[in-house]
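Topology and contacts: notes
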Amino acid sequence: MTNICAHFADACAHAPEAVFLQLPDDGGEHSFAVMERRTAQLAGALRAQGIAADSRVMVQAAKSPDMAALYLAVLRLGAIFIPLNTAYTAAELQYFIADAAPHLLVCAPAAAPSVMALCAEAKTGTEVRTLGDATSPQALERAAEQAEPIAQIASRSDADLAALLYTSGTTGRPKGAMLSHGNLASNAVVLRSLWAFRAEDVLLHALPLFHVHGLFVAMHCALLAACRVLLLPKFDLAQIKRGLRQASVMMGVPTFYSRLLADPEFGAADCARMRLFISGSAPLSAPLHRDWLARTGHRILERYGMTELGMVASNPYAGERIAGTVGYALPGIAVRVADADGQELPRDSIGTLEVKGPNVFRGYWQRPTETAAEFRADGYFITGDLATMAADGRIAIVGRAKDLIITGGYNVYPKEIETLLDAMPQVAESAVIGLPHPDFGESVCAIVVAADPALSAAEVRRALGGKLAKFKQPSRVELVDSLPRNALGKVQKNVLRARYG
Ligand code: MLC
Ligand code: AMP
């Protein structure tokens, strides 16, 4: 079965009355049968909007059972799901609309007027509907009540596109990673089995539904296993602690784990029913891994992935989970640690991690040149992550060759911010770096050389204000006379990191 929606229908057929989504604090439960019906209704509403196989549906909406159902409804029709971070500003959204030219954009009701104006301006023919309030004039919910439910699930091949996920890059412009049904299904089947998901599990889900981690890794494991998902709107310490008492598995970014440990009352008693804690999207420090073990008695299972690849490597479920490593390549996925020419290096050497397999994306939307630049001639994708591989194949991520900051599991590409800073007339040049941060792992710091001596840090912040999502905005701005450069004239970010870290 290639279409994830068919896996979902399968789970529904086996256990229609079982709870699929449970909302926190007695907020209600949705059985598999209810979710299946909702998915069919939303698919009907989408079809009434002209959505068919290969149509692109962009979604920037709050996390909810309907948002999960909308994802499955898009797949049901064989259309392409394009989720966006809810933190993106109108300026960022404008770029995504122009780049993806979606047939339909589903947004929060409050955003509808400005989103409709953006779509009209973009002249992409994008229709706008809302999700989150059935009384909104453009409510998709109302259309779902009126439309004929779609029972059929579109048959898709491995190569057909299921989703476009935007990921920024070293070029500074976000690119849509084209993920196929084969990419999603192959990864889901492997992970469900590797992490031993079963119907009795209860997955604590506090991640956003617009990234690989929360949307694919977490939701797919649950829907393939037909288990219950405790769907929290976001990470909230008190809600997480209550949720942990009912759950058996949690997936999170390292910030989840450090925030829980920062609560002195949190401990083993809170995790009595848990069988598995999984971490990914950013490096989990060895001390955090050890402190978690000491406090809870659980060894966090760290895994490694990327938007373009889904999951690539995982510590074993049954075997040894070693802090500071991401375990072994997943079954069916080939990895190598290579030099700058793509030649595999001897074991234990540091090189770039390269990946090949059914999980590897189909390229960047309408960017063949940028796609080609990230692949070797023999089909391996160049991750830009620095890694070592031990004699037994165990992988450790030891750094990044790409210029990337990961803050609380969100990626920030310095180039995107530097481009905006350098466009300011009062700025001569800039360098954006990541500095260690106790909560987010890394935080964004902008080092700016002013062209106008009157420029202040506050003015720099103001200039970025409406243009960038909050998580990308520098929490620290330093004004300096010049940037350190090497003999080739390249800015030495390592010198800056050492100076300001
Ligand atoms: C929120 N803020 C952040 C931030 N998240 N700033 C930097 N980095 C972040 N990640 C801002 C808010 O806008 C707010 O600004 C202030 O920080 C405090 O917010 P908060 O309430 O403390 O944040 P919270 O909502 O609790 O969010 C923190 C978080 C969240 C870590 C729980 O960011 C999160 O869920 N991250 C997960 C991201 C994720 O899913 N990544 C997976 C990518 S897929 P102000 O000024 O308004 O107060 C991938 C592949 C793979 O990487 O391998 O998985
Ligand atoms: P994204 O583009 O948001 O999918 O982020 C992918 C990047 O997150 C990878 O290229 C890595 O740099 C990083 N990443 C994901 N998981 C881990 C991990 N377990 N350890 C270190 N880095 C990770």
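Starting afresh in each chain, residues are numbered from 1 along the sequence in its written order. As a convention, the first chain written is A and the first ligand written is 1, with the rest following in written order. pLDDT decides what is reported in this predicted model: residues at 70 or higher carry local features, side-chain atom pairs at 80 or more are listed and counted, and totals for whole chains, interfaces and linings draw on all residues regardless. Water and hydrogen atoms were dropped before computing side-chain values, which therefore reflect all heavy atoms in the structure.

Some points on helix H7 (residues 181–194)
Spelled out, the test is: Put simply, DSSP H or I for four residues or longer makes a helix, DSSP E for two residues or longer makes a strand, and each gets a number counted from the N terminus. Given a helix with a known number of residues, its expected span is that number minus one, times 1.5 Å. Partly exposed describes any residue whose relative accessible area lies between the buried limit of under 20% and the exposed limit of over 50%, with all areas from a 1.4 Å probe on protein chains only and scaled to the type maximum. Note on definitions: a residue-residue contact is assigned when non-hydrogen atoms from the two residues lie within 4.5 Å.
Helix length check: H7 (14 residues) gives 20 Å between terminal C-alpha atoms against 20 Å at 1.5 Å per residue, within 8%. All of the buried residues along H7 are His181, Gly182, Asn183, Leu184, Ala185, Asn187, Ala188, Val190 and Leu191. Where H7 is buried, its residues contact helix H1 (4–14), helix H3 (65–76), strand E7 (161–167), strand E8 (175–180), helix H8 (212–225) and strand E14 (310–314). Two residues or fewer after H7 comes alanine 196, characterised by a positive phi angle close to 60°.

Things to note about the environment of alanine 372
Here alanine 372 is to be found in helix H12 (residues 368–373). On the accessibility criterion, alanine 372 (52% relative accessible area) is exposed. Here the alpha-carbon distance between alanine 372 and glycine 182, two residues 190 residues apart in the chain, equals 20 Å.

A word on the nonpolar core
Note that soluble globular proteins tend to have their nonpolar side chains buried in a common cluster. Our working definition: For our purposes a nonpolar core is just a set of buried Ala, Val, Leu, Ile, Met, Phe, Trp, Tyr and Cys residues, chained together by side-chain atoms within 4.5 Å.
Counting 114 residues, the largest nonpolar core has Phe20, Trp195, Met250 and Met251 as the members making the most contacts within it. It is H8 that contributes the most residues to this core, eleven residues altogether. Once you skip the residues sitting within four places of it in the chain, phenylalanine 20 turns out to touch Phe8, His30, Ser31, Phe32, Met35, Met219, Ala222, Leu223, Cys227, Arg228 and Val229. Counting 39 residues, the second largest nonpolar core, distinct from the first, contains Ile82, Ala112, Trp365 and Val460.

What to know about the site of ligand 2
Inclusion rule: Any residue with a heavy atom positioned within 4 Å of a molecule or strand is treated as near that molecule or strand. Within 3.5 Å is the distance limit for a polar contact, defined as a pair of N or O atoms, with the added protein rule that one can donate a hydrogen and the other accept it, and that residues adjacent in sequence qualify only through two side-chain atoms. Using the Shrake-Rupley algorithm and a 1.4 Å probe, accessible areas are obtained, with residue cover drawn only from the displayed protein chains. Any residue outside Ala, Val, Leu, Ile, Met, Phe, Trp, Tyr, Cys, Pro, Asp, Glu, Lys and Arg is labelled polar, Gly included; the first ten of those are nonpolar and the last four are charged.
Taken together, 17 residues form the shell around ligand 2, and within it Arg303, Thr307, Asp385, Lys402 and Asn411 come nearest. A distance of 2.6 Å separates an oxygen atom of ligand 2 from a polar atom in the side chain of lysine 402. With respect to ligand 2, the side chain of asparagine 411 contributes an N or O atom lying 2.8 Å from an oxygen atom. Isolated, ligand 2 exposes 500 Å² of accessible area, and the fraction of that covered by the protein chains is 92%. Of all the secondary structure elements, the ones that give two or more residues to the shell around ligand 2 are strand E13 (301–306) and strand E19 (395–400). In the shell around ligand 2, the residues fall into seven nonpolar, five polar and five charged.

With respect to the side chain of glutamine 22
In this structure, glutamine 22 sits in strand E1 (residues 19–22). On the basis of relative accessible area, glutamine 22 is assigned to the buried category, the value being 11%. Here glutamine 246 takes part through its side chain, which lies 3.0 Å from a polar atom of the side chain of glutamine 22. In this structure, glutamine 22 is in contact with Gly28, Glu29, Arg228, Val229, Leu230, Leu231 and Gln246, ignoring residues within four places of it in sequence.

What to know about the packing of aromatic side chains
The condition that has to hold: In summary, the pairing rule links any two rings of Phe, Tyr or Trp, Trp by its six-membered ring, whose centres are within 6.5 Å, and it sorts them by plane angle into stacked for under 30 degrees, edge-to-face for over 60 and tilted for everything else.
Going through the model one piece at a time under the given rule, you end up with 19 aromatic pairs. An angle of 45° between the planes, with centres 6.0 Å apart, marks the rings of tyrosine 71 and phenylalanine 216 as tilted. Of this pair, tyrosine 71 sits in helix H3 while phenylalanine 216 is found in helix H8, placing the two residues 145 residues apart along the sequence. A residue is classified by how much of its surface remains accessible, and tyrosine 71, at 3% relative accessible area, is buried. By relative accessible area, which is 6% here, phenylalanine 216 ends up buried.

Here's the deal with the packing of helix H10 (residues 254–261) against helix H11 (residues 286–296)
Operational definition: Axis definition: a line fitted to C-alpha atoms, over the contacting stretch in the case of helices. Angles run 0 to 180 degrees between N-to-C directions. By the definition adopted for this analysis, an angle is roughly parallel if under 35 degrees, roughly antiparallel if over 145, roughly perpendicular if from 65 to 115, and oblique otherwise. The handedness criterion is simple: a crossing whose near helix is rotated anticlockwise from the far helix by less than a right angle is left-handed, and one whose near helix is rotated clockwise is right-handed.
One can describe the packing of H10 onto H11 by two numbers: an axis separation of 10 Å at closest approach and a directional angle of 45°. Our classification of the angle between H10 and H11 gives oblique. When you trace H10 past H11, the crossing you get is left-handed. Residue-level contacts link Pro254, Tyr257, Ser258, Leu260 and Leu261 of H10 to Leu288, Asp291, Trp292 and Arg295 of H11. Per-class residue counts for the contact of H10 with H11 are six nonpolar, one polar and two charged.

Thoughts on the side chain of glutamine 60
In this structure, glutamine 60 sits in strand E3 (residues 56–60). A relative accessible area of 10% means that glutamine 60 is categorised as buried. Non-local contacts of glutamine 60, meaning those with residues more than four positions away in its chain, are made with Leu84, Asn85, Thr86, Tyr88, Leu93, Val106, Cys107 and Ala108.

A few points about the site of ligand 1
Close to ligand 1 lie 23 residues; Arg259, Ser281, Arg303, Thr407 and Lys470 are nearest. Separating an oxygen atom of ligand 1 from a backbone N or O atom of glycine 305 is a distance of 3.3 Å. In the environment of ligand 1, a nitrogen atom lies 2.9 Å from a nitrogen or oxygen atom belonging to the backbone of glycine 408. Among the secondary structure elements, those contributing two or more residues to the shell around ligand 1 are H8, H10 and E13. Among the residues making up the shell around ligand 1, the classes are represented as eleven nonpolar, eight polar and four charged.

Everything listed here is a matter of geometry and, on its own, says nothing about what the molecule does.
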